[in-house]
Structures are given as C-alpha cells and as structure tokens.
Amino acid sequence: MSSEPLKVACIGMGWWSDVLADAIQRSGKLKIVACYTRTEQKRQAFAAKYACRSAPSYEAILEDRGIEAIVNTTPNNVHLETTRAAAAAGKHTFLDKPIATTIADARAISTACRKAGVVLALGYQRRKESHFRWIRRQIDDGVFGRMVNAESNISRDRLGKFEAGSWRYTAAGMPGGVMLQIGIHYADVLEYLMGPVKAVRGAFAQLVLPGENPDVASLILEHENGALSTLNACYASASEYYLMNVYGKEATAYYDLHHGLMFIKRGGERASPVPCEKNDTIAEELEEFAAAVRGQAQPEMGGEAATRSLAVLLAGVQSARDGRRVEVTEVLGGEH
C-alpha cells in the first residue's frame, strides 16, 4: 500500500475550499498539487496560499495523470457535471455536502462513481465530533435503552455576511436555505444517533437576511424506530450556537456549544459533565477519504447515504410547501 500522500486538486474556490485546504495541510496524508476555479484571481490566490499550481482549465486537471483525486467545493448545481467528469477520468472525489439539490442528480453522481470504480466521499464532518461519538458508543452498548426523543439547534449569525448573488442564498442553489446548508449536518447527526428518518414535517421563514431563501427553519422528524426529534436551523440569530439533547428511556445526553456534554442515567439527580477532547473532524474525514482511495477504508458517508440524507431535507422542504407530512420514501420515489 502506498504511504505517499494522496495527490489532490481542489476545484471551486470559496471560503470552504480554504477550510478543507487548511485541514489537508494539517493532516499530511493528502497533498494539494493543483487548483481550478473559473475566476483567475481566486485561482492564483489559492495557488499562492497553498503552494500548488493554478490549472488553466478543469480539463487540464482531469487529463493530469499525476492527480489522483478531486476535492470538490463547487456550487451544488454543478456537482453532477464536475463529479461525473472526474469519474470518467478515473479520479476519486471528495464532495462537499449536500451531494446535489435533486435526488436524480444525487443518484447520477453515485452511479457514475460506482461504474467508474472510483471512491465518492461526502463531507459530513459533524457526526465525527467526539461528543457525538461518545453518545453513539453508549447507545450501542445499550446504556440509553429505547431511543425516544431528541431536540437540536444549529445557528449562525449571517447578517452583514451575506454575499449578494451568492448561489448559497438562492432557491436554485440551496433549496430550503439554511436548513439544507447547515441544518443538514444536524439532520445527519440525528439519524446517526436516533436511527433513519421515516417522515418529516417542516416550516420555513425568511425574517432577517436579504434574498429569497429561508433563514429560519424547523423540522419534526419521525424516526423509523418510533422516536421523534426536532431540528431548528437559523441564520438570523445573534450568535453561533449548537444544541443536541438525546433522550433514551434509561439515559439522557445534553450537548451544547457553551457547556459541552452532560449525561444522566434514570434515577440520577443531576447530569454530570463528560470530558470530550475536541477532535479535528475535517482532517479526519479527508484522511478517511485518502485511506478509502488506497483501499484501506470505506467512506462513512458515500453516495447512497448522502442521497438518503438529501431526501430527508427535501421532504422537509416539500412538507413546508404543501403543508403536510411527507414520507422520505415519497421523495426517493418509493425506494429505500
């Protein structure tokens, strides 16, 4: 097995491309050798910052046999085009979430990578946070008993940070607005901890940010095991905040940004803190991708899992639009 760093090219230069590139540099298991985005100025700045070459076109990257994989942070609506081209060129892809904005595109991306025999990994780093890993281990060990309920909140203050015309703030680029952009992370954590979601009820509002897209959103999730959970996502709050409270018949875990993880068992009088070291989730998911390319691992979130994750959010969008409960299988076209 090769111990050489995985040679990658980054495509789509924006703020998240730099977050991933910083993690690649911290890791050492991957190496950025090239980059491409349509704007030459952004391309040159990224190349200078990360000591890689600026490619004149995406085609030039795809034709370069020295590049093994693509780290793709392009807008959602070109995920299919860019990933299918990478697969056809025999290049593996690490793709930022969501996999796409439609189930058809998501399926086409998964199929192209599977047929080409290349690895597809999706960026769902939140489930890797040490506190959620701890909760999951307790659930697996039976400490929680039957899972019954969860409540969660993922919030950011985006006022004044709005980029006019950005694809992230349009219904075409990010249907469901804040819920698809950041809410999807905690929808994923809820499925990771509580089990797959069967049906969704959603409500969306646009209160503070300019543009057409929701900046506040709420979902009620019905899990296949009968548990219910709630997810609130917000771009209009005063500060960044994260909350994930998970209730089982025999134990409860409380996590929030300011106080960390607390835990109490049935019959206990007060919750006790659980020390969890902060882990480098983004470096971890990229290293997992590199190991998968070398045949040493499987991506935790591949194309099929990411397609189902997208379906949960799109069920919420449809529910809000139609004013009714929407089953996830309806969005998937009756398929599991």
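So, here is what we can say about the structure in this document. Because the structure is predicted, anything quoted here is derived from the model rather than measured. (Residues numbered from 1 in each chain as written. Predicted model: local features only at pLDDT ≥ 70, side-chain atom pairs only at ≥ 80, totals over all residues. Heavy atoms only, no water.)

### With respect to the overall build of the chain
Phase 1 of the analysis: Along the chain, the regular secondary structure elements total 10 helices and 15 strands.
Phase 2 of the analysis: Relative to the globule expectation of 20 Å for 336 residues, the C-alpha radius of gyration of the chain, 20 Å, shows essentially globular dimensions.
Phase 3 of the analysis: Judged by the C-alpha coordinates and their principal axes, the chain covers about 60 × 45 × 40 Å.
Phase 4 of the analysis: Across the 336 residues in the chain, those meeting the buried criterion constitute 56%.
Phase 5 of the analysis: Within the chain, residue pairs in contact and separated by at least 24 positions form 68% of the contacts whose partners lie at least 6 positions apart.
Phase 6 of the analysis: In the form shown here, the chain has an accessible surface area of approximately 14,800 Å², with 50% of it arising from carbon and sulfur atoms.
Phase 7 of the analysis: One finds the centroid of the 39 positive side-chain charges in the chain at a distance of 1 Å from the centroid of its 39 negative side-chain charges. (Helix = DSSP H or I, 4+ residues; strand = E, 2+ residues; numbered from the N terminus. Rg over C-alpha atoms; globule rule 2.2 N^0.38 Å. Buried < 20%, exposed > 50% of the residue type's maximum accessible area, 1.4 Å probe, protein only. Contact = heavy atoms within 4.5 Å. Areas by Shrake-Rupley, 256 points an atom, 1.4 Å probe, with all protein chains shown as cover. Lys, Arg positive; Asp, Glu negative; His and termini not counted. Charge placed at Lys NZ, Arg CZ, Asp CG, Glu CD.)

### Considerations on helix α1 (residues 15–27)
Phase 1 of the analysis: With 13 residues, α1 should reach 18 Å at 1.5 Å per residue; the first-to-last C-alpha distance of 19 Å fits that figure.
Phase 2 of the analysis: Here α1 has its buried residues at Trp16, Ser17, Leu20, Ala21, Ala23, Ile24 and Ser27. In a view along the axis of α1, the buried residues occupy a sector of 160°, so they form one face of it.
Phase 3 of the analysis: Its buried side turned inward, α1 meets β1 (6–11), β2 (30–36), α2 (40–50), β4 (69–72), β5 (92–96) and α8 (281–293).
Phase 4 of the analysis: Note on α1: the residue one or two positions beyond its end, glycine 28, has a positive phi of about 85°. (Expected span 1.5 Å × (residues − 1). Arc of directions from axis to C-beta.)

### Some words on the packing of helix α7 (residues 178–194) against helix α9 (residues 303–322)
Phase 1 of the analysis: Closest axis-to-axis distance for the α7/α9 pair is 10 Å, and the angle between their directions is 115°. On the basis of their axis angle, the class for α7 and α9 is roughly perpendicular. Both α7 and α9 take part in a crossing whose hand is right-handed. Of the residues in α9, those touching α7 at Met179, Leu180, Ile184, Ala187 and Glu191 are Arg308, Ser309, Leu310, Val312 and Leu313.
Phase 2 of the analysis: A class-by-class count of the residues in the contact of α7 with α9 yields seven nonpolar, one polar and two charged. (Axes fitted to C-alpha atoms, helices over the stretch in contact; angles between N-to-C directions. Parallel < 35°, antiparallel > 145°, perpendicular 65-115°, else oblique. Left-handed = near helix turned anticlockwise from the far one by under 90°. Nonpolar A, V, L, I, M, F, W, Y, C, P; charged D, E, K, R; others polar.)

### Re the sheet that holds strand β10 (residues 228–234)
Consider a sheet: its strands pair through backbone hydrogen bonds, and that pairing is either parallel or antiparallel.
Phase 1 of the analysis: A sheet is described by the order of its strands in space; here nine strands give the open sequence β14-β13-β12-β11-β7-β10-β9-β8-β15, paired in mixed fashion. Looking at strand neighbours, the two that pair on one side only are β14 (272–274) and β15 (326–327), the edges of this open sheet.
Phase 2 of the analysis: Here strand β12 (residues 251–256) pairs with strand β13 (residues 260–265) via six bridges, running antiparallel. In the sheet register, aspartate 256 faces β13, and the bridge partner there is glycine 260.
Phase 3 of the analysis: Along the sheet, helix α6 (residues 130–140) makes contact with β7 (147–157), β11 (236–248), β12, β13 and β14, crossing β13 at roughly 20°.
Phase 4 of the analysis: Strand contacts of α9: β8 (197–205), β9 (216–223) and β15, with the helix running at about 50° to β8, the strand carrying the most contacts. (Pairing = 2+ DSSP bridges.)

### A few points about the nonpolar core
Phase 1 of the analysis: One finds Ile99, Phe132, Ile135, Phe144, Tyr186, Leu193 and Met244 to be the most contacted residues of the largest nonpolar core, which totals 65 residues.
Phase 2 of the analysis: The element best represented in this core is α7, accounting for 12 residues.
Phase 3 of the analysis: Those residues in contact with tyrosine 186 that sit more than four places away from it in its chain are Arg126, Phe132, Ser152, Asn153, Ile154, Leu231, Tyr242, Leu243, Met244 and Tyr255.
Phase 4 of the analysis: One finds Cys52, Phe94, Phe289 and Val293 within the second-largest nonpolar core, a separate group that totals 28 residues. (Core = buried A, V, L, I, M, F, W, Y, C linked by side-chain atoms within 4.5 Å.)

### Thoughts on the packing of aromatic side chains
Phase 1 of the analysis: One pass over the full model with this rule turns up nine aromatic pairs.
Phase 2 of the analysis: Considering the side-chain rings of tryptophan 134 and phenylalanine 263, the 5.1 Å spacing of their centres and the 80° angle between planes classify their relative orientation as edge-to-face. Of the two residues, tryptophan 134 is situated in helix α6 and phenylalanine 263 in strand β13; the sequence distance between them amounts to 129 residues.
Phase 3 of the analysis: On the accessibility criterion, tryptophan 134 (16% relative accessible area) is buried.
Phase 4 of the analysis: By way of ring pairs, the aromatic residues Phe132, Tyr186, Tyr242 and Tyr255 are connected into one cluster. (Phe/Tyr/Trp six-rings, centres within 6.5 Å; stacked < 30°, edge-to-face > 60°.)

### A look at the pattern of salt bridges
Phase 1 of the analysis: This model, assessed by the stated rule, comprises 22 salt bridges.
Phase 2 of the analysis: Residue aspartate 64 pairs with arginine 53 through a salt bridge whose shortest N-O separation is 2.1 Å. Of this pair, aspartate 64 sits in the loop between α3 (58–63) and β4 while arginine 53 sits in strand β3 (residues 53–54); the two residues are 11 residues apart in sequence, bridging distant segments of the chain.
Phase 3 of the analysis: Taking the shortest distance from any N to any O, the salt bridge between lysine 128 and glutamate 288 comes out at 2.9 Å. Separated by 160 residues along the polypeptide, lysine 128 in the loop between β6 (120–123) and α6 and glutamate 288 in helix α8 bring together distant segments of the chain.
Phase 4 of the analysis: Accessibility expressed as a relative area gives 6% for lysine 128, which makes it buried.
Phase 5 of the analysis: A single network of salt bridges, built from pairs that share partners, joins Arg127, Lys128, Arg133, Asp188, Glu288 and Glu300. (Salt bridge = Lys/Arg side-chain N within 4 Å of Asp/Glu carboxyl O.)

Any functional reading would require information that these geometric values do not contain.
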